[in-house]
Each structure stands twice: as C-alpha cells, then as structure tokens.
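# Observations on chain architecture
Below are the chains, spelled out letter by letter.
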Amino acid sequence: MTKTLLVTGAAGFIGSNFVRMLVKRRESVKIIAFDKLTYAGNMANLADLLGDQVVFVKGDICDPAAVTKAIEDYRVDEIVHFAAESHVDRSILGSGPFVQTNVVGTQVLLDAARAKDITKFLYVSTDEVYGTLPEDQPDVKFTEETPLQPNSPYSASKAGGDVLVRSYFHTFNMPLLTTRCSNNYGPYHFPEKLIPLFVTNLMEGKQVPLYGDGKNVRDWLYVEDHCDAIWTVLQRGAFGEAYNVGGNNEMTNRQITETILKAMDKPWDQFVKYVQDRPGHDRRYAIDATKIKEHLGWEPKFRFDSAIKTTIQWYRDNEKWWRDIKSGDYLKYYDTQYAGR
Ligand code: NAD
Ligand code: TDX
C-alpha cells in the first residue's frame, strides 16, 4: 500500500531536495509538503513537483489545528520533520522565532503525531547540537554519545527539539527517529549560507565576507546524500535512536573559499574580505558516521570535488531563482548582517 508522508519544511533547501529525490526515484509514497513559507520557504523549489504524488499545504507547525487538519485530511502515516529556522547568524540577531518554531513547533508536531497514531516520525536534527570540537585533535569527532552542548541560539533550539523527541520516546514509547547531519551544500540552498552566498556574490562581482581567521572547520555533505540518509533511517532505523550523518569531508572556510574562487576564476586578493567573526563561532564540526554505516549500510556517494562544481553550475543555470531571493527583504538582512563589519 502507498504510504502518505507529511514533510514539514518541504519548500526549504533540504526538504525540497528530499521531495525531489523521492519523486525522481519513483518511491511509492504520497507526499504532503507542509510549509509556512517563511523568508526561507520558496514555492519555486517545489513548483515542478506538484501533482498527484505531491500536494502542497501552507501551514505553521506551531498551529496545532493546522497540523492536525493536514494529518486528518490526507490520512498521514509518517512524518519527516525538516521545518525550522535554520540560520545561525539570524538566531544571533533574534532568537524568538527559533525557540518558537524549533522547540514549540516540534512539540506541537509530536503531540499531533501521538494523538493521531503516526507510525513513524523522523526529526531532522543537526551536528551543531553537540557544540564544538578542538582543532588540534583531528581524531576526535562527534559520536551519537557525545553530550549535547549547543553554543548558538539556533543550535540550542535544535537541541531543544532533539531532546523533546528523546523524551517522547522514553515517556510514550512513540516510533521516533533522529538524524544529526553536518553542513549540506547543493541546489536550492538559500543564499544566506556560506557556499551559495559566496557563489552568488562572485557572480554579482561582489566580495565574499570571510568570518574571523577563516580557519573554522565544517564537514560538508552533498544534500542528496543527506536526503538518502534520511530515507534510509526512515526505512530501517531503530525507534528511539539517533544517527549521525556526515561527509567525512572536513574543510576550513578558507579551503571552501579557495575552491569556489578557483572554480569561478576569481583572484583571492580582490574578492575576499575578512570581516569581524561570528559571536560564539563554533571552531570545528566533524562527524563520526560509523553507526549509520554499520547498522544501516549508508555511506555518502557524492565526492566534494565534483559535487561542488555541479552546485556552482546550478547557480549559473538558475540565476533568476537566486536573483529573485536576493532582493527586497534579503537586502535589509544583508545590510544588518554585514554593513560595517
Ligand atoms: P531552510 O531554512 O532552507 O528551510 C526551512 C523550511 O522550513 C522553509 O521552507 C520554511 O518556510 C519552513 N518553516 C520555517 N518555520 C516554519 C513553521 N513554523 N512552520 C512550517 N514551516 C516552517 O532550512 P534547511 O537548510 O533546508 O534545513 C532543514 C532542516 O535540516 C532544519 O531542521 C535544519 O536544522 C536541518 N539541518 C540543516 C543542515 C544544513 O546544512 N542546511 C544541516 C543539518 C541539519
Ligand atoms: O558570510 C559568511 N561568512 C563565513 O565565514 C557566512 C554566512 C558563514 N561563514 C562561516 C561560518 C561557518 O563557519 O562559514 C561557515 C558555514 O556557515 P553557514 O553556512 O552559516 O553554516 P553553519 O553556521 O555551519 O550552519 C549550517 O550547518 C548546520 C546550517 O546553516 C545549519 O542549519 C545546519 O544545522
């Protein structure tokens, strides 16, 4: 029987890539794409996918009536929960919406899932819930046993959702799953995040703002690999478990910047501007993804060298998509975030 999946945050970067992957692979699921369409939600990410298999519902995960109605109207079986306020810098400018959506929204969804006997619920968490790692001990990585020590209002709010899921499993024995993934890159990535911001700034002939000394380390994973990991955990994960997802691809922000500049044929001296560091900037993230590999057989398939080129080409081929975003309210945000920095 075809299952019906409620995908929250489906009009965002990873949610829309997840829906796209399921449609492309002809998976036998009906998808209810549920999204509030905040500044980060974009119908253009989903437009070509809507039809018999994919239905869009505009709604807020913090609104119990809207969530319950979507579950009832479409007889939802399973929930994959991506919806979140997702940008660390915005959480530093104001944490209210982060606590509301990432904590309260997750609680509302969990209560609705419990009341409606949802058969599986996957919470898309992040590696940032673990806090930061030392840069002089390369062998130390985040495992699922690493204590949660979030350092930004964003990661604290994601950790709030993460431990709520844990508590609902413990207390109510619900069919809950959690993934904690490292930094994603790929098509439809909102151009406030490092890679799409730098690529599109360079296409506009602008400088790229590198925070601090540019030596912070992230573990980059192509978005389709993350989506594949989420699908794998949804199919075969054990309830109550969290699974780390990573690319085994640690790079400093300087290395990322060099790669992008080289691919776009732009000189460093002219285009890179070192700017004041992000407050509380986590130094290093690195994921130990042994558990998902050994228990569920998942491994990343995409190599950074080629997938970053595919990503840059996507931004070249889809100029209207990002130029439409980089206007209006985005300009106000850019000014608040970067002017005088
Ligand atoms: P995004 O900001 O691109 O998309 C978030 C989506 O959620 C948007 O479509 C937005 O409209 C929607 N949304 C926000 N508040 C909502 C609400 N109250 N009700 C309904 N919809 C709402 O984010 P993303 O990068 O696609 O991240 C998706 C998820 O993956 C998030 O939970 C994030 O924490 C997690 N994650 C992201 C990364 C990454 O590198 N981007 C890595 C690990 C985990
Ligand atoms: O202008 C910039 N300059 C810069 O040097 C921006 C936007 C970022 N950076 C640095 C900060 C980080 O060290 O680049 C690195 C990556 O920054 P972001 O793209 O903002 O990602 P990050 O803060 O690492 O968080 C991301 O990964 C984990 C996502 O946004 C989160 O949603 C996810 O949970």
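Refer to the preceding data block for the structure.
This text gives an overview of the structure that appears in the document. (Residues numbered from 1 in each chain as written. Chains lettered and ligands numbered in written order. Predicted model: local features only at pLDDT ≥ 70, side-chain atom pairs only at ≥ 80, totals over all residues. Heavy atoms only, no water.)

What the protein contains, in helices and strands, is 13 helices and 13 strands. In terms of overall dimensions, the protein has a C-alpha envelope of 60 × 45 × 35 Å along the principal axes. Among the 341 residues that make up the protein, the fraction classed as buried is 55%. In the protein, the proportion of contacts linking residues at least 24 apart, taken out of those at least 6 apart, comes to 82%. A total accessible area of about 14600 Å² is found for the protein, and carbon and sulfur atoms account for 48% of it. In the protein, which carries 41 positive and 45 negative side-chain charges, the distance between the mean positions of the two groups comes to 3 Å. (Helix = DSSP H or I, 4+ residues; strand = E, 2+ residues; numbered from the N terminus. Buried < 20%, exposed > 50% of the residue type's maximum accessible area, 1.4 Å probe, protein only. Contact = heavy atoms within 4.5 Å. Areas by Shrake-Rupley, 256 points an atom, 1.4 Å probe, with all protein chains shown as cover. Lys, Arg positive; Asp, Glu negative; His and termini not counted. Charge placed at Lys NZ, Arg CZ, Asp CG, Glu CD.)

Within the element layout of this structure, Phe302 appears in the loop between α10 (290-296) and α11 (304-317). Taking the C-alpha atoms as reference points, Phe302 and Ala156, separated by 146 residues in sequence, lie 30 Å from one another. Every residue in contact with Phe302, bar those within four places of it in the chain, is listed here: Tyr222, Glu224, Asp225 and Ala307.

Our focus in this paragraph is the site of ligand 1. Around ligand 1, 28 residues are found, and the nearest of them are Ile14, Asp35, Ser86, Tyr154 and Lys158. At 2.6 Å, a side-chain N or O of Tyr154 approaches an oxygen atom of ligand 1. Within the backbone of Asn184, a nitrogen or oxygen atom sits 2.9 Å from an oxygen atom of ligand 1. Of all the secondary-structure elements, those providing two or more residues to the shell around ligand 1 are α1 (13-24), β5 (120-126) and α5 (153-172). Among the elements that line the shell around ligand 1, the one with the most residues is β5, at three residues. For the shell around ligand 1, the per-class residue count stands at 12 nonpolar, 12 polar and four charged. (Near = heavy atom within 4 Å. Polar contact = N/O pair within 3.5 Å; in protein donor to acceptor, adjacent residues only side chain to side chain. Nonpolar A, V, L, I, M, F, W, Y, C, P; charged D, E, K, R; others polar.)

Turning next to the sheet that holds strand β11 (residues 242-245). Here we have seven strands laid out as an open sheet, ordered β3-β2-β1-β4-β5-β6-β11, and parallel in their pairing. On the outer flanks of this sheet lie β3 (54-58) and β11, each paired with one strand and no other. Recorded for the sheet is a direction-independent mean angle of 20° between the axes of neighbouring strands. Relative to β5, strand β4 (residues 78-81) runs parallel, the two sharing four bridges. Residue pairing across strands places Val80 opposite Leu122, the latter belonging to β5. (Pairing = 2+ DSSP bridges. Axes fitted to C-alpha atoms, helices over the stretch in contact; angles between N-to-C directions.)

It is the contact of helix α6 (residues 194-203) with helix α8 (residues 253-263), at a shortest axis distance of 10 Å, that shows an interaxial angle of 35°. For the crossing formed where α6 meets α8, the hand is right-handed. Each of Leu194, Ile195, Phe198, Val199 and Leu202 in α6 lies in contact with α8, whose residues at this interface are Asn253, Ile256, Thr257, Ile260 and Leu261. The residue makeup of the contact of α6 with α8, split by class, is eight nonpolar, two polar and no charged. (Left-handed = near helix turned anticlockwise from the far one by under 90°.)

Take the site of ligand 2 next. Residues in contact with ligand 2 amount to 23 residues; listed here are only the nearest, Glu128, Tyr154, Arg278, His281 and Tyr338. Thr126 is positioned such that a nitrogen or oxygen atom in its side chain is 2.7 Å from an oxygen atom of ligand 2. Interatomic distance of 2.6 Å between a side-chain N/O atom of Arg278 and an oxygen atom of ligand 2. Relative to its free-state accessible area of 660 Å², ligand 2 is covered by the protein chains to the extent of 94%. Looking at the shell around ligand 2, the elements with two or more residues in it are α3 (88-93), α6 and β8 (208-211). Considering only residue class, the shell around ligand 2 consists of 10 nonpolar, seven polar and six charged.

The backbone of Arg26 shows a phi angle near 55°, a positive value even though the residue is not glycine. Considering the arrangement of structural elements, one finds Arg26 in the loop between α1 and β2 (29-35). Given the relative accessible area of 74%, Arg26 is considered exposed. Phi at Asp117 is positive, roughly 55°, even though this residue is not glycine.

Within the sequence span of helix α2 (residues 64-73), burial applies to Val67, Ala70 and Ile71. Along the axis of α2, the buried residues cluster in a sector spanning 95°; they form a single face. If you follow the buried residues of α2, they end up packed against β1 (3-8), β2, β4 and α4 (96-115). The backbone nitrogen of Ala65 lies 3.1 Å from a side-chain oxygen of the residue at the head of α2, namely Asp63. (Arc of directions from axis to C-beta.)

Bringing the pairing of β5 into the picture now. With respect to burial, β5 is a largely interior element, seven of its seven residues being buried. Because side chains alternate across β5, one face comprises the buried residues Lys120, Leu122, Val124 and Thr126, and the other comprises Phe121, Tyr123 and Ser125, equally buried. Two elements, β5 and strand β6 (residues 176-181), share six bridges in a ladder whose sense is parallel. Looking across to β6, one finds that Thr126 is bridged to Cys181.

On to the packing of aromatic side chains. For any two aromatic rings, the description comes down to two numbers: the centre-to-centre distance and the angle of the planes. For the structure on display, the rule yields 21 aromatic pairs. When the ring of Phe190 is compared with that of Tyr330, the centres are 6.2 Å apart and the planes differ by 50°; the resulting orientation is tilted. Placement of the pair is Phe190 in the loop between β7 (184-185) and α6 and Tyr330 in helix α13 (residues 329-338), with a sequence separation of 140 residues. Using a relative accessible area of 8% as the deciding quantity, one classes Phe190 as buried. Consider the rings of Tyr211 and Tyr338, whose centres lie 6.3 Å apart with planes at 25°: the pair is stacked. (Phe/Tyr/Trp six-rings, centres within 6.5 Å; stacked < 30°, edge-to-face > 60°.)

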